[in-house]
Amino acid sequence: MKDIFFDLSLRSVRLNFLRSLLASIGIVIGVVAISSMGMLGTNMQLMVKDQLTTGINIITVTPDVVRAEPGSPVSSSNDITEIQLRDIRDAAGINEVIPIDRTNTQFSIGSNDGRGSIYGLDPDDIKNIMNVSEGTTIRGESDAIVGATIAERFNLKIGTRIKIGEPNISVTRPVVRVVGILTSAGLSSSNGINTDNAIIVSDTWYTSQFGGGNEYDQVNVYLKDVSTLTAVEDAIDKKVNRNKEVVRISDSSSRITSVSSTLSSITTFILAIGSISLLVAATSIFNVMMMSVSERVQEIGILLSIGTEKGEIRRMFLYEAFILGIIGAVIGGIMSIIIGYSVVSAMIGNSAYFFLPESIVYIPGGMLIGMIVCIVSGLYPAWRASNLDPIDALRAE
Amino acid sequence: MNNTPLIRLTDVSKVYHLESGDFTALNHISLDINEGEFVALMGPSGSGKSTMMNQLGILDVPTTGGIFIAGKNVAGMTNLERTHMRRDVIGYIFQKFYLIPLLSAYENVEYPLILKYKKRDTTGRASAVLKSVGFDEELSTHRPSQLSGGQQQRVAIARALVNDPKILLCDEPTGNLDRKTGFQIMDILVNLNKKGKTVILVTHDPKIADYAHRTIQLEDGRIAGS
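Residues numbered from 1 in each chain as written. Chains lettered and ligands numbered in written order. Predicted model: local features only at pLDDT ≥ 70, side-chain atom pairs only at ≥ 80, totals over all residues.

### Observations regarding the overall build of chain B
Note the threshold: Where helices and strands are cited, they refer to DSSP runs of H or I of at least four residues and of E of at least two residues respectively, numbered from the N terminus. In this treatment the radius of gyration is a C-alpha quantity, and the globule benchmark scales as 2.2 Å times the residue count to the 0.38 power. Once C-beta atoms are placed from the backbone, each residue is buried if 20 or more other C-beta atoms lie within 10 Å of its own, exposed if 12 or fewer, and partly exposed for counts between those two. Contacts are defined on C-beta atoms placed from the backbone: any two residues whose C-beta positions lie within 7 Å are in contact.
Each helix and strand in chain B was counted, giving seven helices and 10 strands. A globule of 226 residues ought to have a C-alpha radius of gyration of about 17 Å, and chain B, at 17 Å, matches this closely. Across its three principal axes, chain B shows a C-alpha extent of roughly 50 × 45 × 40 Å. The buried share of chain B, taken over its 226 residues, is 46%. The long-range share in chain B, meaning contacts at least 24 apart out of those at least 6 apart in sequence, stands at 69%.

### Some words on the overall build of chain A
Summing up its helical and strand segments, chain A has 13 helices and 12 strands in all. In terms of overall size, chain A is more extended than a compact globule, its C-alpha atoms giving a radius of gyration of 34 Å where 397 residues would be expected to give roughly 21 Å. With respect to the three principal axes, the spread of C-alpha positions in chain A is 115 × 50 × 40 Å. With 397 residues in all, chain A has 40% of them scored as buried. Relative to all contacts within chain A whose residues are 6 or more apart in sequence, the contacts with residues 24 or more apart total 84%.

### Focus: the pairing of strand β1 (residues 58-63) of chain A
All names here are of chain A. The line we're drawing: Only strands that DSSP links by at least two bridges are regarded as paired with each other.
As defined by bridge partners, β1 adjoins strand β11 (residues 218-222) across four bridges and the pair is classed as antiparallel. By the bridge assignment, I59 is partnered in β11 with V221. Here four bridges tie β1 to strand β12 (residues 247-250), and the two strands are oriented antiparallel to one another. Across the sheet, the residue bridging to T60 is S250, located in β12.

### Considering the sheet that holds strand β1 (residues 7-18) of chain B
Residues and elements named next belong to chain B. Rule in force here: Helix axes are fitted to C-alpha atoms over the stretch in contact, other axes to C-alpha atoms as well, and angles between N-to-C directions run from 0 to 180 degrees.
Taken together, the four strands give an open sheet; going across it, the order is β2-β1-β4-β5, and neighbouring strands pair in antiparallel fashion. Where the open sheet ends on each side, the last strands, each with one partner, are β2 (21-33) and β5 (72-73). Alignment of strand β4 (residues 64-69) against β5, held across two bridges, turns out to be antiparallel. Bridge assignment links I69 to a residue of β5, and that residue is K72. Contacting β1, β2 and β4, helix α1 (residues 49-56) crosses the sheet at an angle of about 120° to β1.

### Quick look at the interface of chain B and chain A
This is how it is decided: Following the grouping adopted for this structure description, the nonpolar residues are Ala, Val, Leu, Ile, Met, Phe, Trp, Tyr, Cys and Pro, the charged ones are Asp, Glu, Lys and Arg, and the polar ones are all others, Gly among them.
Between chain B and chain A, the residue contacts involve 19 residues of the former and 18 residues of the latter. Elements represented by at least two residues in the side of chain B that touches chain A include exactly α2 (79-88) and α3 (105-117) of chain B. For the side of chain B that touches chain A, the element with the most residues is α2 of chain B, which contributes five residues. Each residue belonging to the side of chain B that touches chain A can be placed in one class, and the counts come to 11 nonpolar, three polar and five charged.

### Observations concerning the sheet that holds strand β6 (residues 90-94) of chain B
All names here are of chain B. With respect to topology, six strands assemble into an open sheet ordered β6-β7-β8-β3-β9-β10, the strand pairing being mixed. The sheet is open, and its two edges are formed by β6 and β10 (222-225), each paired on a single side. With strand direction ignored, the average angle separating the axes of adjacent strands in the sheet is 25°. Of the pairings in the sheet, the one linking strand β9 (residues 214-219) to β10 comprises three bridges and is antiparallel in character. Its bridge partner being in β10, L218 is matched across the sheet by I223. Most of the contacts of helix α6 (residues 179-194) go to strand β8 (residues 198-202), to which it runs at about 150°, and overall it touches β3 (38-42), β7 (167-171) and β8.

### Things to note about the domain arrangement of chain A
As a reminder, the rule being used: In this document the domain limits rely on a domain assignment from an automatic tool or a database.
Splitting chain A by domain gives domain 1 (4-52 + 257-395) and domain 2 (58-251). Put simply, the middle of domain 1 of chain A and the middle of domain 2 of chain A, counted by C-alpha atoms, are 58 Å apart.

### Details of the packing of helix α5 (residues 149-161) of chain B against α6 of chain B
All names here are of chain B. Rules: An angle counts as roughly parallel when it lies under 35 degrees, as roughly antiparallel when it exceeds 145, as roughly perpendicular when it falls between 65 and 115, and as oblique in every other case. The crossing is said to be left-handed when, going from far helix to near helix, the turn is anticlockwise and less than a right angle, and right-handed when the turn is clockwise.
Between α5 and α6, the shortest axis-to-axis distance is 10 Å and the interhelical angle comes to 15°. What the angle tells us is that α5 and α6 run roughly parallel. You can see that α5 and α6 cross each other, and the crossing is right-handed. Within the contact between the two elements, α5 uses G149, G150, Q153 and I157 and α6 uses T181, Q184, I185 and I188.

### Here's the deal with the nonpolar core
This is how it is decided: Connectivity within a nonpolar core runs through C-beta atoms within 7 Å, and the core itself is a set of buried Ala, Val, Leu, Ile, Met, Phe, Trp, Tyr and Cys residues.
In this structure, I285 of chain A together with L41, A158 and I200 of chain B are the most contacted members of the largest nonpolar core, which totals 121 residues. At 12 residues, the largest contribution of residues to this core is made by helix α2 (residues 17-53) of chain A. Residue contacts for I285 of chain A: discarding those within four places in its chain leaves A23, G26, I27, A321, L324, C374, S377 and G378 of chain A. V146, V178, Y216 and I236 of chain A belong to the second-largest nonpolar core, a separate cluster that totals 47 residues.

### Overview of the environment of F317 of chain A
Residues and elements named next belong to chain A. Residue position: F317 is located in helix α10 (residues 310-348). Judged by the 27 C-beta atoms lying within 10 Å of it, F317 falls in the buried class. A sequence separation of 305 residues divides F317 from S12, and the C-alpha atoms of the two residues are 9.7 Å apart. When neighbours within four sequence positions are excluded, F317 is seen to be in contact with M289, V293, G378, P381, A382 and A385.

### Description of the confidence of the model for chain B
Let me state the cut-off plainly: One number per residue, pLDDT, summarises how confident the predictor is, and it ranges from 0 to 100.
Looking at chain B as a whole, the pLDDT averages 93, with 99% of positions reaching at least 70. This complex was scored by the predictor with a pTM of 0.74 and an ipTM of 0.93.

### Observations concerning the packing of helix α3 (residues 82-92) of chain A against helix α7 (residues 229-240) of chain A
Residues and elements named next belong to chain A. Direction vectors running N to C along α3 and α7 enclose 145°, while the axes themselves pass 8 Å from each other. As for the relative orientation of α3 and α7, their crossing is right-handed in sense. Within the contact between the two elements, α3 uses Q84, D87, I88, D90, A91 and A92 and α7 uses V232, A235, I236, K239 and V240. For the contact of α3 with α7, the residue count by class is seven nonpolar, one polar and three charged.

Okay, here's the thing in structure tokens:
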């Protein structure tokens, strides 16, 4: 059953259509401002977070600095041993553990000399963690794959031969043949290895040239579930660093936390700026409601004198504010989708995150806030209307 | 029928505190009006007629003295109780009709029913009452501004009657109407009085006052004669 007070409010809005519409436009702008700014901030956050989280599921275990006891000899190597690797595997459980050999050395391609990292990995592991954009992965003993940057800089092609090691007249330098070129990883290395500037060879070739067959420079643990990060780190720490610190365990989560919190402050800040427009909207709604009350003083007087309760008068004016709010919120919501999408696409250049719940929630959120602002702005005018003295109100012209 | 009057004013005074000093609009008035009476209130401007009507219509409370309507002391009631009494016991008919401009003729009559029963009228009572005061049914969807004065006053009377009040308070109901229409409206009021409504009427017009059983003359806030 339709409420007559709602009808009265609706008719009043319709009677003063232009004025009501103008007041609602304030709400439209407010809703659009909050929604699009909120979405912009969130999209930015989501994108940056996503870029940073590639690689967050990786725990890097590296040897700690060796500190010898006074009097005892400093051990010749500080690599991760086979025993430690086994402990790491035990601690890591179902997660994949990949030992990596690494050294920094000179190499020559034709007449060009260069310097970079050489990684030695099990060919099976290479397949699992690296993306070859061109060519194949390592199959033969002296196959190598190279990073995107190094390939570009030295103009490497599939089949190019690279001489590895410091030039030495008395010894022929070993040669590897490029069989694949990796996709560019950029800042976010998804495999925990900075491969852009690296030459990757098989572990057997690596040890035949650089030694260290049962020792590794780094062990990466690839987590299946990122939420187990701390637990796995603790397990490794407990198992390997039993007696003293022999390995260092690190991940990139702290980096994400700090970037995220910065971005979230920025989002809050731009949201606060957006809210100012709603404050302006609130003033205009308040103004229109006060006008509506003062124009209808005599009508209020009639209503009160023939037995309308104060609460019913309040309800009538709150409905009116609510109707203005609904108009503003609905138009604002629709426009938020259009404007928000354009702003996000233009400023971030990527709308992949736009329709995610975290982002799109700003539209109903903005609409709700717009409506609440409207109703709050109508509270005082409604209260004033209901507290008019019926005799004075009737006398008003 | 019991002996308690429907309306009893005992030593009622109403004093307005103005910047120029206190103004006594009603000065120690005592008055009984019985159920079924037709009373005319007359008097020059400023004699206290409007103040008296506001008191009888419980739109206001006296400064001193007591007003009892249907046995209840108005001064002792809460705001909400007074509102409900205005809705259920009293029907108001004004010189300027005071219909609700945003509602149709029918809705204006239905409105007090909605106030009382908190839902739209499905009993047909609003239409029936409109018909009983001689309102043209075809005009029932018209807004007040589209109606003639006589039609508007008929709607106003229907609105006053629809909750079946005991008392009809008429503040110069014919003041804005031509003579002929004015007498038609008076005929309706006389008829209602015959059916048992207590009618209290404010007027300047002695011819209109002649319809009443009793005329009360007010002067300077006092009853000068009745």
